[in-house]
Amino acid sequence: MQRIMIKIHNKVYKMMTASPDTNIIVLAIVLGCGAGGLGVVFRFTLDVLTAFHFGGNSLNFVANLRAYNGWYIVLIPTLGGLVVGVIKYIFAPNILQGMGEVIAFAVRKKHTMTPAKTFWSFVINTVTLGTGGSAGSLGPIVHLVGGVTAYVLGVLRIPRRHGRTLLGCTVAAAVGSSLNAPMAGMFFATELIVGSYAISYVLPIVVASVSGTLLTNFIYGEYSGFSLGELGGVGFAEVPFFVVLGVLSAFVARAFIHGLDTVESVRMRCRIPKVIAPAVGGFGVGCIALMFPQVMGTGYFATDVTLAGAMSIVILGALLCAKFLAAMLTLGFGGGGGMTFPALFIGALFGGFFGSVLIAITGYFGVDLGHAYTAYSMAGMGALFATVVGAPVSAIFVIFELSHNYSLSLSVMISTLVAARVLQRMGVKSVFVHQLEQRGMDLSGSADNIYARDIMARDLMSFDFCKVRDTDSIQTVRDSLITSPLGRVFVLDKDDVLVGEISLYTMGVHAFDTDKDTDITLGDIMDKDPACVRADTNLDCILPMYQLHKDTIFVVVSDTNKMLGILHENDVLIAYKDVVSDSRQQERI
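Given the structure is predicted, the values throughout are model-derived calculations rather than measurements.

Whenever I open this one, the overall build of the protein chain confuses me. Can you help?
Each helix and strand in the protein chain was counted, giving 25 helices and six strands. Looking at the protein chain as a whole, 55% of its 589 residues qualify as buried. The contacts of the protein chain with a sequence gap of at least 6 include a subset with a gap of at least 24, amounting to 75%. For the protein chain, the computed accessible surface area is about 25,400 Å², with 63% contributed by carbon and sulfur atoms.

In structure tokens form, the structure reads like this:
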């Protein structure tokens, strides 16, 4: 097996180096079809589980729930949550089974996506959604595709400059095939994964997205996404209404993002064990589904009904609250699934509710806006997708490819961009960036800053230094200074804990005057506060420290202040130059 993988690696490497522009297109087609195939596998597994529990497939099983007893509707998601809790407790504690981990893999050299985590994430997500959990399927599909891609790139030892492009190809294919929106898949990958619109990125990503979408359409048949209601033209006079919708959508998105933290904190205050927390969330979803069965599953069927304009204002408002709570219970209590489809469904409900209220008010004054209901519902979808996921351009193209209506897309652009800007002004980041920051991953700043955070002080430190013990004599220090390559020695105690630093400057007259050696101690001639840096400090944080301390050498210490090595300013600058060079090489057209 190892020989086979080596041969494959050598073949791929030759392809990438001999004619990279042509051969990366070939790889994009292969990866796009592979990602589309994985999406089909996920959907098939989900359909099997859904049919076993509720009948029908994962998209329309909600229509069958009225035929089941209430106790059964509550029992199945509760048992599914219990299975998920046991799996997470035994096999995958603290697992992050969504797009966030894929984004982290795209921008960080060090990642936690392993084949085992990918497999258990697949199991957790399919069990949650297959038993009626209120979450989405797009995030799990992207995670599955990203995990497999990470493994393949690692096995084949694909260079980093190509790896991010190929990861973008698979993610674009996964998104494009799931939504039947290849353009949206392309923009999603460029916005969240590669972070660049250079042609060297965009061309293979487009090819992969189209390939994955074509494969999915070949297997399942071409589908148009959602059944839309009347889509009349939206006039200039209605633009302010879409601006207001965008502003309000930003507040809904903020509630959604921070609602997950609130629910999790409530769970912790109630001291609900992690092993049964998903079951508690599933029980809550089942209870809500007794009155609003539309909250179960991905919400695809209910979103379709919402966009068709088949719900009253009261139903829209009540279902909006019910879906919001159900999604919080599933995701906040540790269940599987993603957040993209819940965001789309909640956005459609909120936009439809806003539009219905507006139509009722304007109708009272004799102005007929009945044709605009679906427009507001679609604009709400785009606004919530853009703000929750953090991909406004992708959101615009998702709505465009679902509606095929240019005038509607203009209105969606207004609501989407306004919502994204308002959320940014609030200081709220997308749900995936928020999750990663909670786990200590900082994705702010430029690509240079992000890459620099992968390099730690321990990776750059040198061991070429002289040390003495705090019990040594002054003469021993003089002898060590003569041989020290740094012109200084470091004073350690018996446990190698850093005590201070001695140089000719700190010794003063005692450097050459031996008459008073018996009257002084090392503590009298050393700097007790040398410039130090923790071993786990990243390169992005180290650079400003040199400007602050005005020293060219830092002592690298552990959490217990044990001396581990030294850090030269020259080594730091060389490392940062390599980071910048690597970043520019990946962005080169």
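What follows picks up the thread again.
What's the story with the pattern of salt bridges in this structure? I'm lost.
Pairing between side chains of opposite charge can happen when their charged atoms approach one another. The tally for this structure, following the rule as stated, stands at three salt bridges. A salt bridge links Asp496 to Arg469; the nearest nitrogen and oxygen atoms lie 2.8 Å apart. Of this pair, Asp496 sits in the loop between β2 (488-492) and β3 (498-503) while Arg469 sits in strand β1 (residues 467-469); the two residues are 27 residues apart in sequence, bridging distant segments of the chain. Taking relative accessible area as the criterion, Asp496 reaches 27% and is therefore assigned partly exposed.

Help me out: how do you make sense of the sheet that holds β2 in this one?
Neighbouring strands of a sheet are bound in pairs by backbone hydrogen bonds; such pairs are parallel or else antiparallel. Reading across from one edge, β1-β2-β3 is the order of the three strands in this open sheet, with mixed pairing throughout. Among the strands making up the open sheet, the edge pair consists of β1 and β3. Averaged over neighbouring strand pairs, the angle between their axes works out to 30° when direction is ignored. Sitting on the sheet, helix α21 (residues 474-483) touches β1, β2 and β3, and the angle it makes with β2 is about 135°.

What should I look at first to understand a nonpolar patch on the surface in this one?
A cluster of nonpolar side chains, Trp71, Leu75, Leu79, Leu82, Val86, Tyr89, Ile90, Phe91, Ile276 and Val280, forms an exposed patch at the surface whose accessible area comes to about 950 Å². When residues in the nonpolar patch are grouped by element, the largest group, seven residues, is from helix α3 (residues 70-90). Within the element layout of this structure, Tyr89 appears in helix α3.

Honestly, unusual backbone geometry in this entry has me stumped. Any pointers?
Most peptide bonds take the trans configuration, and most residues that are not glycine carry a negative phi. Phi at Arg271 takes a positive value of approximately 55°, unusual for a residue other than glycine. Note that Arg271 resides in the loop between α10 (239-269) and α11 (277-289). With relative accessibility at 74%, the residue Arg271 sits in the exposed group. Positioned with a positive phi, Asp496 is a non-glycine residue whose angle comes to about 65°.

Would you take a moment to explain the packing of aromatic side chains for this structure?
Within this structure, the stated rule accounts for 13 aromatic pairs. Ring centres 5.9 Å apart and planes at 85° place the aromatic pair Trp71 and Tyr72 in the edge-to-face group. Taking relative accessible area as the criterion, Trp71 reaches 54% and is therefore assigned exposed. Their ring planes at 80° and their centres at 6.0 Å tell us that Phe465 and Phe490 sit as a pair that is edge-to-face. You can see Phe465 sitting in the loop between α20 (457-460) and β1 and its partner Phe490 sitting in strand β2, a full 25 residues away along the chain. Take Phe490: its relative accessible area is 0%, and that puts it in the buried class.

It is not clear to me how the side chain of Arg267 should be interpreted in this structure. Could you clarify?
Assignment of secondary structure puts Arg267 in helix α10. Buried and without a salt bridge, Arg267 has Glu264 as its closest oppositely charged side chain, separated by 4.1 Å.

In this structure, what is going on with the confidence of the model for the protein chain? I would like to understand it.
Averaged over all residues, the pLDDT of the protein chain equals 82, while 87% of them reach at least 70. Looking over the protein chain, one finds the lowest element-wise mean pLDDT in helix α1 (residues 2-18), namely 54, and the highest in α11, namely 93.

Would you take a moment to explain the packing of α11 against helix α13 (residues 313-332) for this structure?
Two numbers describe how α11 lies on α13: the axes approach to 8 Å, and their chain directions differ by 160°. Regarding the angle of α11 to α13, the classification is roughly antiparallel. In the crossing of α11 with α13, the sense of the turn from one axis to the other is left-handed. Along the contact surface, α11 presents Gly281, Gly284, Val285 and Ile288, while α13 presents Ala322, Leu325, Ala326, Leu329 and Thr330. A class-by-class count of the residues in the contact of α11 with α13 yields six nonpolar, three polar and no charged.

How should the pairing of strand β5 (residues 553-557) be read in this particular structure?
The side chains of a regular strand alternate between the sheet's two faces. For β5, the buried fraction is high: five of the five residues fall into the buried class. Side chains Ile553, Val555 and Val557 project from β5 onto one buried face, and the interleaved Phe554 and Val556 project onto a second face that is buried too. As judged from the three bridges shared by strand β4 (residues 532-534) and β5, these two strands associate in the parallel manner. In the strand pairing of β5, Arg534 is matched with Val557. Where the polypeptide runs from β4 across helix α24 (residues 539-549) and back to β5, its parallel neighbour, the crossover connection is right-handed. By the bridge criterion, five bridges tie β5 to strand β6 (residues 563-568) in an arrangement that is antiparallel. Within β6, the position partnered with Val557 by the bridge is Met563. In textbook terms, the turn of a hairpin is the stretch between consecutive antiparallel strands, and for β5 and β6 this stretch comprises five residues, one of which, Asn561, has a positive phi near 70°.

Criteria and thresholds
Residues numbered from 1 in each chain as written. Predicted model: local features only at pLDDT ≥ 70, side-chain atom pairs only at ≥ 80, totals over all residues. Heavy atoms only, no water. Helix = DSSP H or I, 4+ residues; strand = E, 2+ residues; numbered from the N terminus. Buried < 20%, exposed > 50% of the residue type's maximum accessible area, 1.4 Å probe, protein only. Contact = heavy atoms within 4.5 Å. Areas by Shrake-Rupley, 256 points an atom, 1.4 Å probe, with all protein chains shown as cover. Salt bridge = Lys/Arg side-chain N within 4 Å of Asp/Glu carboxyl O. Pairing = 2+ DSSP bridges. Axes fitted to C-alpha atoms, helices over the stretch in contact; angles between N-to-C directions. Patch = residues over 30% accessible without salt bridge, like charges linked within 9 Å, V, L, I, M, F, W, Y side chains within 5 Å. Phe/Tyr/Trp six-rings, centres within 6.5 Å; stacked < 30°, edge-to-face > 60°. Lys, Arg positive; Asp, Glu negative; His and termini not counted. pLDDT = per-residue confidence, 0-100. Parallel < 35°, antiparallel > 145°, perpendicular 65-115°, else oblique. Left-handed = near helix turned anticlockwise from the far one by under 90°. Nonpolar A, V, L, I, M, F, W, Y, C, P; charged D, E, K, R; others polar. Right-handed = clockwise from strand over helix to strand, strands pointing away.

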